[in-house]
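# A look at the structure
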Amino acid sequence: MGCGGACDSSFEVIALIDCNSFYCSCEQVFRPDLLHRAVVVLSNNDGCVIARNREAKAIGIPMGAPYHQYEAALKQNNAAVFSANFPLYANFSNRIMNILNSFSDQVEVYSIDEAFISLDGHSTDVIAYCKVIRETVLKWTGIPVSIGIAPTKVLAKCANKLAKQFPESNGVFALTNTSLIDSALKHIDVDDIWGIARKQAQKLKKRHIHTAYEFKGWNNRALMLSLLSKTGVQLHDELNGIACIAFQLTPEPRKSIRSSRSFKPELSHVDDIAAALSLFTTRAMEKLRKQHSMTQMITVFIQSNPFKAHVPTVRKAQSFGLLTATNDTIVVAKYARQLLHHLHEPGIPIKKAGIILDELTSEDALQDSLFETANANPLMTVMDQINHRFGRDTIHVANHQRFLAKRRAPQWVSPQYTTKWEELRCV
DNA sequence: TCTGGGGTCCTAGGACCC
DNA sequence: TCTGGGGTCCTAGGACCC
């Protein structure tokens, strides 16, 4: 548990390690020629910019920007453009998390490029310790990270932002005493607080609260609760040094699992959408079995292109509850296909479709229904084992090729330098 | 002019995160 | 011509119960 902001000496110490422009940095590791050049990474279908390095941000490329709108600017500035290579990023992420595990016995992997670690027991000189962490990660993986140190997670997020903002910090910034916290929070806008985005920031600004410091000092808790709900009050406490957001050392299984994708070009024929949906179902069920869960609620959705003017946007979804939980791709694929046929109307081009699995339960907490015996299909286990050993989709349940063949392949994927023998770097 | 009171559970949608 | 994907939590309000 944390303590009030006054007791500096007994602060719990949390560090947030955040990889700088993570996807871009991964691409640059194997391309030293790109050092000091603008780099961006694009989403599925090479549609949006989902990562930019410092140089790309300087050109003025916003997060989530449609690529086609910035293509010219990127070319003009000699930027390197990559299609997303998630196996590569996941592999780097695992390496970095492993390194962090050697520096702290309490590591919470928060996202692919972020982790909270506890520095309790390293209290002699946390800044020096974090500098060693930073240098080690950089030396062993080539990925630069920024580290924020503070008594709570929300403050650690703030410290991390400051570490990125001030080059003189050399990537490590500590907010470990009250007066420093106060002066630092004056440099942080309310919408840069973790958990406060556009809508909430608007509400605060209407009440003349513009900086994290002003929010920290706001003492109308009742209004805070009605305005920002209970999470807002938690954030306020965290800014005041009272830890409310617990460490999550072992990841909880997901409560819902989804797989979806946008199509380029759009798909009109129901068989084409069905082929795509069978791939999504396969992926979602792989994730489901990986976390040893079963699902009892299947939702399929389809959407037309919302950006097309003069054409009404179609967004439809339909769910089906199973009598018994299952982890069987074949079973779920069958229901998904039926749901799709209910939803589909001929003549409407579909831009995006997907499947959502809900009502997830643990494999070993199975509840048989009165009429059916729940069981995990042993065929699925065998299929997962074969695919793990010989590569994804070595065997699969339906013809994905129809979808993969129609889809325009991403244009600028880098090799899977670290996860495929055929694509290893030659020296 | 009048139409009880109070509780729980579920769901859709909003807001946020990376 | 071209605009990502996958999560979580919270709340208001409806449905339902006695």
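All figures in this text were calculated on a predicted structure; none of them were measured in a lab. (Residues numbered from 1 in each chain as written. Chains lettered and ligands numbered in written order. Predicted model: local features only at pLDDT ≥ 70, side-chain atom pairs only at ≥ 80, totals over all residues. Heavy atoms only, no water.)

### With respect to the protein's contact with DNA strand B
Test applied: Distances are taken per atom, and a residue is near a molecule or strand as soon as one of its heavy atoms is within 4 Å of it. Counted as a polar contact is a pair of N or O atoms within 3.5 Å, where, for protein atoms, one must be capable of donating a hydrogen and the other of accepting one, and residues adjacent in sequence contribute only when both atoms are in side chains. A run of H or I in DSSP counts as a helix once it spans at least four residues, and a run of E counts as a strand once it spans at least two, with each numbered from the N terminus.
In the region of DNA strand B, 13 residues are neighbours, and S111, D113, K157, G195 and Q200 sit closest. Counting only the atoms of DNA strand B within 4 Å of the protein, the fraction contributed by sugar and phosphate is 100%. Contact between DNA strand B and G195: a phosphate oxygen at 2.6 Å from a main-chain N or O atom of the residue. Where the surface near DNA strand B is concerned, the elements lending two or more residues are β5 (107-111) and α8 (198-206). Among the elements that line the surface near DNA strand B, the one with the most residues is α8, at three residues.

### As for the protein's contact with DNA strand C
Rule in force here: We call Asp, Glu, Lys and Arg charged. Ala, Val, Leu, Ile, Met, Phe, Trp, Tyr, Cys and Pro are nonpolar, and the rest, Gly among them, are polar.
Surrounding DNA strand C, one finds 22 residues, the nearest of these being N44, R258, S260, S262 and K351. One nitrogen or oxygen atom from the main chain of K230 is found 3.5 Å from a phosphate oxygen belonging to DNA strand C. Separating a phosphate oxygen of DNA strand C from a side-chain N or O atom of K255 is a distance of 2.8 Å. Sorting the residues of the surface near DNA strand C by element identifies α10 (221-239), β9 (257-267) and β12 (350-358) as the ones contributing at least two each. Element by element, the count of residues in the surface near DNA strand C is highest for β9, at six residues. Residues belonging to the surface near DNA strand C are distributed by class as follows: five nonpolar, nine polar and eight charged.

### Description of helix α7 (residues 178-185)
So the rule is basically this: Each residue is placed in one exposure class: buried if its accessible area under a 1.4 Å probe, protein chains only, is under 20% of its type's maximum, exposed if it is over 50%, and partly exposed if it falls in between. Note on contacts: a residue pair is in contact if any heavy atoms of the two residues lie within 4.5 Å.
Buried within α7 we find I181, D182, A184 and L185. Each element contacted by the buried residues of α7 is listed here: α6 (153-165), α9 (212-217) and α10.

### Focus on the pattern of salt bridges
As a reminder of what qualifies: For this analysis, a salt bridge means a side-chain nitrogen from Lys or Arg found within 4 Å of a carboxyl oxygen belonging to Asp or Glu.
Taken as a whole and judged by the stated rule, the model has 15 salt bridges. R31 serves as the salt-bridge partner of D33, at 2.9 Å between the closest nitrogen and oxygen. Judged by its relative accessible area of 45%, D33 falls in the partly exposed class. Notably, a salt bridge pairs D393 with R283, separated by 2.6 Å at the nearest N-O pair. Placement of the pair is D393 in the loop between α13 (378-390) and α14 (401-406) and R283 in helix α11 (residues 270-290), with a sequence separation of 110 residues.

Nothing here speaks to function; it is all geometry.
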